[in-house]
Amino acid sequence: MEDAELEGKIMEVARMIVNARRVAALTGAGISTESGIPDFRGPAGLWKRVDPSIATIDYFLENPDKYWEFHIGLVSSAMAARPNAAHIALAELESIGRLDCVITQNIDGLHQKAGNKNVIELHGTLATDRCMGCGKRYSWEEVNKIIKDGGLPPRCPACGSIIRPDVVLFNEQLPAGALNKAFRCSMECDLMLVLGSSLTVMPAAYLPETAKSHGAKVIILNMEPTAMDYIADVIIFGKLGEVLPKIVSYVRKMVSKS
Ligand code: NAD
Ligand code: ZN
């Protein structure tokens, strides 16, 4: 994208945000790559190195210890990561009253670390885990200690059943509460920003379509084409950590002038 064309689009998106009544953001793994967490399907994605079948519920049930080894790697990289310029820009957009909700496919907790308050986690979180027998929830810190004391897979101190991660694995349903909130937010917004998602994972990929069919404009910011570019009103190809802070900085200037 030429510099002048990119700048023009950045201004246009800022103007659309300022003129919108309700803005929703849908974020994917691409917003966290600049924090050092690899995405799944991008150019340096995890699935280029690891077989995705490891993240199915069937694999977990058959090989909980092997799944946990993989999961501990995900938790360690997320816990060590810090929000990047894109997360921080999004938190600022919320704090100046120009962003209603963040719907995220991410499990890394970086939106909350950046300061966003209204975050809907569609795929769960790495921060907690739960017992498959009695349902008791444990923080990662507690489970880490259980693993250090007793090995893999971690077992619930209360009932002895296997503890599972609080993330949605492949072939599992999404949590109904989060999904309902996400659809409501998509139907109520008049502008949706889609940030760093390949839009190939269902049902999250339906959300921009839902927003669009309820009259919202859809903006896609991504490094490469997505599966749903055809519904976008504006598409910007670029790095989120560079593009999003520029958009938010224009929004701030436009709001302070009006
Ligand atoms: P994805 O891996 O399918 O797509 C990520 C997209 O982001 C790619 O199209 C890539 O080109 C783009 N991208 C990467 N870095 C970017 C950058 N700096 N700026 C702009 N675009 C960038 O991710 P998805 O659509 O979120 O779906 C993957 C699934 O993976 C989700 O279910 C999610 O739960 C899970 N996941 C989460 C994390 C996390 O929590 N950080 C990390 C990996 C995977
Ligand atoms: Zn238990």
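Described in the following lines is the structure provided in the data block. The structure presented is a predicted model; accordingly, all values stated were derived computationally and were not measured.

## Brief notes about the sheet that holds strand β5 (residues 137–139)
The sheet built from three strands is open, its strands ordered β5-β4-β6 with antiparallel pairing. Whereas interior strands pair on both sides, the edge strands pair on one side only; in this sheet they are β5 and β6 (163–167). Strand-to-strand twist of the sheet, defined as the mean angle between neighbouring strand axes without regard to direction, takes the value 40 degrees. In this sheet, β5 lies alongside strand β4 (residues 124–131) in antiparallel orientation, the contact comprising three bridges. For D129, the partnering residue across the bridge sits in β5 and is Y138. Each of β4 and β6 touches helix α3 (residues 64–80); the most contacted strand, β4, lies at about 140 degrees to it. Across the face of the sheet, helix α6 (residues 140–150) comes into contact with β4, β5 and β6 while running at roughly 85 degrees to β5.

## With respect to helix α7 (residues 176–188)
What sets the pattern is the α-helix's 3.6 residues per turn: residues three or four places apart point alike. With 13 residues, α7 should cover 18 Å at 1.5 Å per step; its first-to-last C-alpha distance of 18 Å lies within 8% of that length. Taken residue by residue, α7 has A178, L179, A182, C185 and S186 as its buried positions. Buried residues along α7 cover an arc of 130 degrees about the axis, so they all sit on one side. The inward-facing, buried residues of α7 contact β1 (23–27), β2 (101–104), β3 (119–121), β7 (191–195) and α8 (206–213).

## A closer look at the pattern of salt bridges
For the structure shown, the criterion picks out seven salt bridges. For the salt bridge of D166 with R130, the shortest nitrogen-to-oxygen distance reads 2.6 Å. In this pair, D166 is assigned in strand β6 and R130 in strand β4, connecting sequence segments 36 residues apart. Since its relative accessible area comes to 27%, R130 is described here as partly exposed. Within this structure, R130, R137 and D166 form a network of salt bridges that share partners.

## Re the site of ligand 1
Taken together, 27 residues are adjacent to ligand 1, and E34, Q105, D108, H123 and S198 come closest. The separation between a nitrogen atom of ligand 1 and a polar side-chain atom of D108 is 2.6 Å. In the complex, 96% of the free accessible area of ligand 1, which totals 860 Å², lies under the protein chains. Considering only residue class, the shell around ligand 1 consists of eight nonpolar, 13 polar and six charged.

## A closer look at the packing of aromatic side chains
Within this structure, the stated rule accounts for four aromatic pairs. The interplanar angle of 55 degrees and the centroid separation of 6.1 Å between the aromatic rings of W47 and F170 together place this pair among those described as tilted. In this pair, W47 sits in the loop between β1 and α2 (57–62) while F170 sits in the loop between β6 and α7, placing the two residues 123 residues apart along the sequence. Of the residues examined, F170 reaches a relative accessible area of 28% and is grouped as partly exposed. Ring pairs connect the aromatic residues F40, W47 and F170, which therefore count as one cluster. Across from the ring centre of Y250, 5.4 Å away, lies the NZ or CZ of K253, which sits over that ring.

## Quick look at the side chain of H123
Summarising the element assignment, H123 is placed in the loop between β3 and β4. Of note is the side chain of H123, whose polar atom sits 3.2 Å from the backbone oxygen of Q105. With near-sequence residues (within four places) excluded, H123 lies in contact with T104, Q105, I107, D166, V167, V168, L174 and V201.

Cut-off values and rules
- Residues numbered from 1 in each chain as written.
- Chains lettered and ligands numbered in written order.
- Predicted model: local features only at pLDDT ≥ 70, side-chain atom pairs only at ≥ 80, totals over all residues.
- Heavy atoms only, no water.
- Pairing = 2+ DSSP bridges.
- Helix = DSSP H or I, 4+ residues; strand = E, 2+ residues; numbered from the N terminus.
- Axes fitted to C-alpha atoms, helices over the stretch in contact; angles between N-to-C directions.
- Contact = heavy atoms within 4.5 Å.
- Expected span 1.5 Å × (residues − 1).
- Buried < 20%, exposed > 50% of the residue type's maximum accessible area, 1.4 Å probe, protein only.
- Arc of directions from axis to C-beta.
- Salt bridge = Lys/Arg side-chain N within 4 Å of Asp/Glu carboxyl O.
- Near = heavy atom within 4 Å.
- Polar contact = N/O pair within 3.5 Å; in protein donor to acceptor, adjacent residues only side chain to side chain.
- Areas by Shrake-Rupley, 256 points an atom, 1.4 Å probe, with all protein chains shown as cover.
- Nonpolar A, V, L, I, M, F, W, Y, C, P; charged D, E, K, R; others polar.
- Phe/Tyr/Trp six-rings, centres within 6.5 Å; stacked < 30°, edge-to-face > 60°.
- Lys NZ or Arg CZ within 6 Å of the ring centre and 35° of its normal.

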